[in-house]
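Fold and contact review
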Amino acid sequence: MALRSSLWYSGNDRNSYIHRAWMRRGLPREAFEGGKPHIAIANTASDLTPCNSHLNEVAESVAHGVWEAGGVPLNLPVVSLGETNVRPTAMLWRNLAAMATEEMLRANPVDGVVLLGGCDKTIPSLLMAAASVDLPAVVMPGGPMLTGHFRGAPLGCGTDVWRLSEEVRAGTLSREEFLRSESSMIRSRGHCNTMGTASTMACMAEALGMTIPGTAGTPAPDSRLLERSHETGRLAVELVARERRPSRVMTRGSFLNAIVTLAAVGGSTNAVVHLLAIAGRLGVDLSLDDFDRTGSGVPLLVDLQPAGRHLMDDLFRAGGLAAVLKEVEDLLDPEAVAVTGRPLVEHLAGAEIWDESVIRRRADPLLPDAGIAVLRGNLAPGGAVIKPAAASPELLRHRGRAVVFESIEDVHARLDSPALDVDETSVLVLRGCGPKGYPGMPEVGNLPLPAKLLEKGVRDMVRISDARMSGTAYGTVVLHTAPEAAAGGPLAKVRTGDPIVLDVAARRLDVDIPDAELAARRPATTGYAEPARGWERLYVDHVTQADRGADLDFLIGSSGDRVGRESH
Ligand code: FES
């Protein structure tokens, strides 16, 4: 098999001379001979992505594995998105990161790629890029951080920030105590240690077959992470030799496996948008309804924050993802292969549960039907999602009066006002926060509760928006309402006082007013200034709605690893 990189390096002409000569800074001549595959290490290490700051060390272990297996490792720093730093929201840049990584892989003399990610958007963007360029690829997740403690209790990174800050607003925790918890929140290297989006997407990568099975959830400081990184480097060389490309691994069966996994681990709603986007890049037929059809009857087996009690290092010591998947093995596609070339289910043979308080048996789940529920109705003709596992059971069927907020700024201005006409039966509606509306679809869907209700002891209310929610958050929160208000969706026509009806069992989300009245109403304007230029302009013009993964319309469908023209 002729290597792709040989199109740059083989021969004795001027161009191959240039390609080799400029690369010979530490690389011997033999690196370009004998069919050695050149493996890019797409590395999202960055000081500004603190969850990924250790990935250079991971990359070194990957590189050792590549050399050992007869390949040539090449570090390729790619766009990195630090969830806590990047404004207005890292999601605005996910497609940019995916597009830049895709094009750099296509433009360079590489035969395969190891994808190093961790923080929320990094694994999704890497998988989208790998799906589009379809070079042999394997994911090496950076792993979660260890559990920090405050006042003797474990801290769930992210989740407990929301909880503690609500306690301050409710007057049950002093601001000084709250600030004291800051130094305990992040105990070590690694990404958030709840089943937030980063942990979820590492599990999704494994369920899709894109990691060496047994890798997801290995804590970042654990020595086994580097051991597995070394193995992953070795495997990348094999992937090239066997031409095992993402399109062969990430089939529809693999996506359905990921949906089963998402439900069993109680994963983040953000995975819905990311999986739809990755599938779109591959041309795999996956729809929002697949999440409900395949996932909604799957039991919740993992007792992790934000829906439960424990944290990622507990999951790892309790048997890890493999032990969870073993419990739902009959629901998995037996033919979906992993990067190893063997079906994912074959890798589950030795998996065991070591702590049933963290990973429950199938016969004793935390919830019998845990997957994402997809709602439709006159408020969400394109669909909306809710995670029942993170919601209050008594609110899953609810009728209440809408209290409408036009924007995040409007929430900040009015939510805590004593004059706000709201009670615990109200339904908080936030619009203008979808993919186009507040470009990037920020994680504001779990909008805080009004202070006066917090003071009364109210801890959950029905909330509806076209936004996303942090994977570390919880509550009875309807998200990703499509079409969003800024794209002309009916959410733009709801008015304060309208009766809203949520019925999760019936999968309905409606505003209970006559159809003719809803049709006749003029949609509210969001007041957001349209971006004038640059990426934001391109994004707003081309982003799809959440039910299609919020990808750019012109990036949907695979384009492969075609090599561009020479320019010298
Ligand atoms: Fe990076 Fe949570 S902020 S994973």
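All values reported here derive from a predicted model rather than from experimental measurement. (Residues numbered from 1 in each chain as written. Predicted model: local features only at pLDDT ≥ 70, side-chain atom pairs only at ≥ 80, totals over all residues. Heavy atoms only, no water.)

Topic: the sheet that holds strand β4 (residues 137-141)
- With parallel pairing, the four strands of this open sheet are ordered in space as β2-β1-β3-β4. In this open sheet, the two edge strands, each paired with only one partner strand, are β2 (72-77) and β4. For this sheet, the mean angle separating the axes of adjacent strands, direction not counted, is 20°.
- With five bridges joining them, strand β3 (residues 112-117) and β4 adopt parallel strand pairing. Following the sheet pairing, V114 is matched in β4 by V138.
- The sheet strands contacting helix α5 (residues 122-133) are β1 (38-43), β3 and β4, and the helix crosses β3 at an angle near 165°. (Pairing = 2+ DSSP bridges. Helix = DSSP H or I, 4+ residues; strand = E, 2+ residues; numbered from the N terminus. Axes fitted to C-alpha atoms, helices over the stretch in contact; angles between N-to-C directions. Contact = heavy atoms within 4.5 Å.)

Description of unusual backbone geometry
- Residue Q305 is joined to P306 through a cis peptide bond whose omega torsion reads 10°.
- On the secondary structure map, P306 appears in the loop between α14 (288-295) and α15 (312-317).
- The step from A482 to P483 runs through a cis peptide bond, and the omega angle for that step is -5°.
- Note on placement: P483 falls in the loop between β12 (477-482) and β13 (499-503).
- The phi torsion at M441 lies on the positive side, around 60°, for a residue other than glycine.
- Looking at where M441 falls in the secondary structure, it is placed in the loop between β10 (427-430) and α18 (451-455).
- Residue M441 is classed as buried on the basis of its relative accessible area, which comes to 0%.
- Phi is positive for R507, close to 60°, though the residue is something other than glycine.
- You can see R507 is positioned in the loop between β13 and β14 (508-511). (Buried < 20%, exposed > 50% of the residue type's maximum accessible area, 1.4 Å probe, protein only.)

Description of the pattern of salt bridges
- Taken as a whole and judged by the stated rule, the model has 46 salt bridges.
- Here E166 and R169 are joined by a salt bridge, their closest N and O atoms 3.0 Å apart. One end of the pair, E166, and the other, R169, are both in helix α6 (residues 159-170), three residues apart, so they sit about a helical turn from each other.
- Between E238 and R244 there is a salt bridge, with the nearest N and O atoms lying 3.5 Å from each other. (Salt bridge = Lys/Arg side-chain N within 4 Å of Asp/Glu carboxyl O.)

Overview of the packing of aromatic side chains
- Across all of its chains, the model carries two aromatic pairs by this definition.
- Measuring from ring centre to ring centre gives 6.3 Å for W535 and Y539, while their planes differ by 45°; the resulting arrangement is tilted. Taken together, the positions of W535 and Y539, both in helix α20 (residues 534-542) and four residues apart, correspond to about one turn of that helix. Take W535 and Y539: they sit in the same class, and that class is buried. (Phe/Tyr/Trp six-rings, centres within 6.5 Å; stacked < 30°, edge-to-face > 60°.)

Looking at the nonpolar core
- In terms of nonpolar packing, the biggest core is built from 108 residues, with L127 and F255 touching the most fellow members.
- Not counting the four nearest positions on each side in its chain, F255 is found in contact with L208, M250, L275, I278, A279, L282, V284 and L286. (Core = buried A, V, L, I, M, F, W, Y, C linked by side-chain atoms within 4.5 Å.)

Observations regarding the pairing of β3
- Of all six residues in β3, six are buried, a share of seventy percent or more.
- Burial of β3 is two-sided: the residues G112, V114 and L116 facing one way and the residues V113, L115 and G117 facing the other way are all buried.
- The parallel pair β3 and β4 is bridged by α5, and the resulting crossover is right-handed. (Right-handed = clockwise from strand over helix to strand, strands pointing away.)

Re the UniProt feature "domain: Dihydroxy-acid/6-phosphogluconate dehydratase N-terminal" (unreviewed entry) in the chain
- Sites flagged by UniProt as "domain: Dihydroxy-acid/6-phosphogluconate dehydratase N-terminal" (unreviewed entry) map to residues 36-346.
- End C-alpha to end C-alpha, residues 36-346 measures 30 Å, and it is 48% helix and 9% strand. (UniProt positions renumbered as here; feature names shortened; annotations may be inferred.)

Focus: the sheet that holds β10
- Strand order in this open sheet of eight strands is β7-β8-β12-β11-β10-β9-β13-β14, and the pairing throughout is mixed. Each of the sheet's edge strands pairs with one partner strand only, and the pair in question is β7 (373-375) and β14. Between one strand axis and the next, the sheet turns by 25° as a mean value, whatever way the strands run.
- Of the strands in this sheet, β7 and β8 (383-386) touch α14, which is tilted by about 135° from β7.

Notes on helix α16 (residues 320-327)
- Among the eight residues in α16, seven count as buried, and that is most of the element.
- Within the sequence span of α16, burial applies to G320, L321, A322, A323, V324, L325 and E327.
- Here the buried face of α16 lies against α9 (197-207), α12 (252-265) and α15.

Focus: the packing of helix α4 (residues 91-107) against α5
- Where α4 meets α5, the axes come as close as 8 Å, and the angle between the chain directions of the two elements is 40°. Comparing the axis directions of α4 and α5 gives the class oblique. α5 is crossed by α4, and the crossing has right-handed handedness. Across the interface between the two elements, R94, N95, A97, A98, T101, E102, L105 and R106 from α4 touch P124, S125, L126, M128, A129, S132 and V133 from α5.
- Classifying every residue of the contact of α4 with α5 gives eight nonpolar, four polar and three charged. (Parallel < 35°, antiparallel > 145°, perpendicular 65-115°, else oblique. Left-handed = near helix turned anticlockwise from the far one by under 90°. Nonpolar A, V, L, I, M, F, W, Y, C, P; charged D, E, K, R; others polar.)

A word on the environment of W8
- Its location among the elements puts W8 in helix α1 (residues 6-9).
- Residues W8 and D416 lie 408 residues apart in sequence; the distance between their C-alpha atoms is 62 Å.
- Leaving out residues up to four positions away in the same chain, W8 has contacts with N15, S16, H19, R106, A107, N108, P109 and V563.

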